[in-house]
Amino acid sequence: MTATIRGEKYNVSLLGWSVKKSLIVDLPSAPGEQFRVARQTGYTIQYMREDVFINFKTQVIYALTQVPKMVLEYPRDFDLHNLRDSGRYKVSFSVEYSLTVNEILYTYNGTIRDLSIKGLLFCHKHIMTKNDNISMAMNFLQGKLEEVRVVIKNIRKDLRSENEPYVTGVSFADLSESQYEILGGFLKSRASERRGNPRG
């Protein structure tokens, strides 16, 4: 899970709960820093479960620095967003992708045109094959995705484009929990924009 406190994001684990009463999570930590938090400090928790993006606000009941754990107030309501129902979103932003050829690592830039929780479609200049092993890096307002392993599904050539003539569809492989949450947060924001502007 991702916990946001005082504008900073931390990865924490849910250790236990009592329904309608409290949650027990790790006390956030940072290198060289002893984390301290006062009672009633506000928290925002986000996590993914089976393609459902879950977001809620809570506050600290008390923190145990010796253990280290925190007891949080059980949330009164949840913001749930099923990303499987969100479909794909047309986008246009840069992506960095890397592939190894004859034991040499090459890194190039491309442009993402279509994005979902399962994968993406991007345009690029350099030719590749379906057997290539590639990884990607991309930036969102919610955070940066790095070393994202993907599986190439299809490749075609767009004769109308000179700068990026190849169009490749890929699926995500083995996204980590933190990567899933960053991507899920971005798609949720796009879904909210779509609802606010049905023609967009």
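Here's a quick rundown of the structure.

Rules of the game
Residues numbered from 1 in each chain as written. Predicted model: local features only at pLDDT ≥ 70, side-chain atom pairs only at ≥ 80, totals over all residues. Heavy atoms only, no water. Core = buried A, V, L, I, M, F, W, Y, C linked by side-chain atoms within 4.5 Å. Buried < 20%, exposed > 50% of the residue type's maximum accessible area, 1.4 Å probe, protein only. Helix = DSSP H or I, 4+ residues; strand = E, 2+ residues; numbered from the N terminus. Contact = heavy atoms within 4.5 Å. Phe/Tyr/Trp six-rings, centres within 6.5 Å; stacked < 30°, edge-to-face > 60°.

In terms of nonpolar packing, the biggest core is built from 30 residues, with Ile 112, Leu 115, Leu 120, Phe 122, Met 136 and Phe 140 touching the most fellow members. Among the elements of the structure, β9 (89-101), β10 (104-115), β11 (119-124), β12 (134-140), β13 (143-157), β14 (166-172) and α1 (177-196) are those that each provide at least two residues to this core. Core analysis: the second largest hydrophobic core is formed by 20 residues, Ala 3, Ile 5, Tyr 47 and Leu 72 among them.

Time to look at the environment of Ser 29. Tracing the backbone shows Ser 29 in the loop between β4 (22-26) and β5 (42-49). According to the relative accessible area criterion, Ser 29 is exposed, its value standing at 60%. For the pair formed by Ser 29 and Pro 68, sequence separation is 39 residues and the distance between their alpha carbons is 9.3 Å.

Time to look at the environment of Thr 41. Examined against the element boundaries, Thr 41 turns out to sit in the loop between β4 and β5. On the basis of relative accessibility, which here comes to 15%, the residue Thr 41 falls in the buried class. Between the C-alpha atoms of Thr 41 and Thr 58, which are 17 residues apart in sequence, the distance is 8.5 Å. In contact with Thr 41, other than residues within four places in its own chain, are Ile 5, Arg 6, Thr 58, Gln 59 and Val 60.

Moving on, we come to the packing of aromatic side chains. Inspection of the entire model under this criterion finds six aromatic pairs. Residues Phe 93 and Phe 186 carry aromatic rings whose centres are separated by 5.9 Å and whose planes lie at 80° to one another, so their mutual orientation is edge-to-face. With Phe 93 in strand β9 and Phe 186 in helix α1, this residue pair connects regions lying 93 residues apart in the sequence. An identical accessibility class is assigned to Phe 93 and Phe 186; each is buried. Plain terms: the ring middles of Tyr 106 and Tyr 108 are 6.3 Å apart, the flat faces sit at 0° to each other, and that makes the pair stacked. Judged by its relative accessible area of 32%, Tyr 106 is partly exposed.

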